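So the chains spell out like this:
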Amino acid sequence: MFGGYSAGRQEMPRIIHISIARYRPDLPDTGQSLDFLVSIHEEGTGITWQQNVIVDWKIKEYIINSTSDLFLWSKNIGLTLKKANSLLKEIGECLYKTFIGTEGEKVLERINPTAILFNIDETIMSIPWELIGFASEKFALDKVPFGRLVTTRMLLREGRNPLQQDSTVRILAVINPTSDLSPAEGKYIATLHELTGQQGRFQVEVDMIVREQATLSNFKEKIAAGDYDMLHFGGHGFLNQDNPGLSALRFADGELSADDVLTLQWKNAPPCFVFSSACESSGAKKGQRLVSKENQTNGLAAAFLTVGVSAYAGYFWPVTDSGATAFTRVFYNTLFEHENVGLAFMEARKETICDLEEWGELTGCSAVLYGDAGSAHRQDLATAN
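We now turn to the structure provided with this report. Keep in mind that this is a model prediction, so the values were computed, not measured. (Residues numbered from 1 in each chain as written. Predicted model: local features only at pLDDT ≥ 70, side-chain atom pairs only at ≥ 80, totals over all residues. Heavy atoms only, no water.)

Quick notes on unusual backbone geometry
- For L79, which is not a glycine, the phi torsion comes out positive at approximately 55°.
- Looking at the element boundaries, L79 is found in the loop between helix 1 (57-74) and helix 2 (81-109).
- Unusually for a residue other than glycine, E339 sits at a positive phi of about 55°.
- Structurally, E339 can be placed in the loop between helix 7 (321-338) and helix 8 (341-356).
- A relative accessible area of 11% places E339 in the buried class. (Helix = DSSP H or I, 4+ residues; strand = E, 2+ residues; numbered from the N terminus. Buried < 20%, exposed > 50% of the residue type's maximum accessible area, 1.4 Å probe, protein only.)

Topic: the environment of A224
- Here A224 shows up in helix 4 (residues 216-225).
- Overall, the relative accessible area of 41% leaves A224 in the partly exposed class.
- Residues A224 and W266, 42 residues apart in the sequence, show an inter-C-alpha distance of 4.8 Å.
- If near-sequence neighbours (up to four positions away) are discounted, A224 is found in contact with Q265 and K267. (Contact = heavy atoms within 4.5 Å.)

Observations concerning the sheet that holds strand 11 (residues 248-251)
- Spatially, three strands are ordered 10-11-12 in an open sheet, and the strand pairing comes out antiparallel. Strands with a single pairing partner mark the edges of an open sheet, and in this sheet they are strand 10 (237-238) and strand 12 (254-257).
- Across four bridges, the pairing between strand 11 and strand 12 is antiparallel. Pairing of L249 across the sheet is with L256, part of strand 12.
- Across the face of the sheet, helix 4 comes into contact with strand 11 and strand 12 while running at roughly 45° to strand 12. (Pairing = 2+ DSSP bridges. Axes fitted to C-alpha atoms, helices over the stretch in contact; angles between N-to-C directions.)

Considering the packing of aromatic side chains
- For the coordinates displayed, the defined rule picks out 22 aromatic pairs.
- On the basis of an interplanar angle of 65° and a centroid distance of 6.0 Å, the ring pair of F202 and F336 is categorised as edge-to-face. Highlighted residues: F202 in strand 8 (residues 202-210) and F336 in helix 7, separated in sequence by 134 residues.
- The class of F202 is buried, set by a relative accessible area of 4%.
- Ring centres 6.2 Å apart and planes at 50° place the aromatic pair F275 and Y315 in the tilted group. Here the residue F275 occupies a position in strand 13 (residues 273-277), and Y315 occupies one in strand 14 (residues 311-315), the gap between them amounting to 40 residues. (Phe/Tyr/Trp six-rings, centres within 6.5 Å; stacked < 30°, edge-to-face > 60°.)

Some details on the nonpolar core
- Core analysis: the largest hydrophobic core is formed by 76 residues, its most contacted members being L70, F99, F118, W129, F139 and F219.
- Top element by residues in this core is helix 2. It accounts for 11 residues.
- Leave out the neighbours within four places in its chain, and L70 touches L79, A84, L87, L88, I91, L131, W317 and L362.
- I15, A173, A313 and A367 belong to the second largest nonpolar core, which has 39 residues in total. (Core = buried A, V, L, I, M, F, W, Y, C linked by side-chain atoms within 4.5 Å.)

Quick word on the packing of helix 3 (residues 182-193) against helix 7
- Look at helix 3 against helix 7: their axes get within 10 Å of each other, and the N-to-C directions meet at 5°. Taken together, the axes of helix 3 and helix 7 lie roughly parallel to each other. Contact with helix 3, carried on its side by A184, K187, Y188, T191 and L192, involves D321, A324, T325, T328, R329 and Y332 of helix 7 and no other residues of that element.
- Of the residues assigned to the contact of helix 3 with helix 7, the class counts are five nonpolar, three polar and three charged. (Parallel < 35°, antiparallel > 145°, perpendicular 65-115°, else oblique. Nonpolar A, V, L, I, M, F, W, Y, C, P; charged D, E, K, R; others polar.)

Quick look at the packing of helix 7 against helix 8
- At a minimum axis separation of 8 Å, helix 7 and helix 8 run at an interaxial angle of 145°. For the element pair helix 7 and helix 8, the recorded crossing hand is right-handed. Every residue of helix 8 that contacts helix 7 at G323, A326, F327, R329, V330, F331, T334, L335 and H338 is listed here: V341, L343, A344, F345, E347, A348, R349, E351, T352 and L356.
- Of the residues contributing to the contact of helix 7 with helix 8, the split by class is 11 nonpolar, four polar and four charged. (Left-handed = near helix turned anticlockwise from the far one by under 90°.)

Thoughts on the pattern of salt bridges
- On inspection of all chains with the given rule, the structure shows 13 salt bridges.
- As a salt-bridge pair, E90 and K83 come within 3.7 Å of each other at their nearest N and O atoms.
- Linked through salt bridges whose partners overlap, the residues forming this network are D166, R170 and D229. (Salt bridge = Lys/Arg side-chain N within 4 Å of Asp/Glu carboxyl O.)

Written as structure tokens, this is what we have:
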């Protein structure tokens, strides 16, 4: 829906796909080493470089345990500010060394990417891949749009056809359903209200349900009657590690679980873009598929992607109200200027990390974008005869 790329109009875009794939169909067992095929491809070129990577159980346990330590830090438990900031970089360096390595670095040396598309296997969505930005300028979160793509073995539902979209962008916003985020509520509402009207090429319409009006029944009525292009949720969420299908967004009268997302009735199709501005809304359990054979989802991101949402944004760890509202403000203020989700997400990361890093606040590092962080301006199209 947002295809413009301002920088790309002056310089040839160089969009890099990095794929980390498991070629075995079985789910990984606890304690076993994992085999991956890692590939690097630049769009518009005819070659894909690849290497085999074996991740032994020690590295796997280090990544899992360190990620858990940062989860506790985000809840003000354990670690110190110095150790938390150090651990962010250490995890990033471990991921870079393990999956990119010396040979992969040689491939990337000659490329200054304008976007990174990180294509990960569905069983490793639980890893904070964005931290790889601390290990190399090529991946710097404040300089390069970074989006996750997911490789799966299941057939997903069809989403919206972008060729059938008009220039009106319809946004449904669900704000503070639990009525306990008063300062954040005002900031969310102000940010979204400012979007209403003409924004460049687009006419923006914003429909809000706030506080006690944000019930599950009202929400379901809205999406059944209104053809929304975007959905924004500003409230509480959580990841259920024991049963990720029960991970949920909290509404005024109950919870919308990840499994419930599979049964939602949209008017025509689900939105192009969903932003769940809530704690752990991009979390997942390790070693699971997007959806199991029993139709149980692996968290909220997996659920929305499964039903055909083209792009999904959320947070990996718990985040503060101030961090989430600051990120939201920058993202939406930038979105229609760039007409590009990836660039807007990058700008929001940049400002949030810059403003909150000294406090050890993880919002900028925790923000996850699933979807194409590049744009409609691509090298293969620009060079086609």
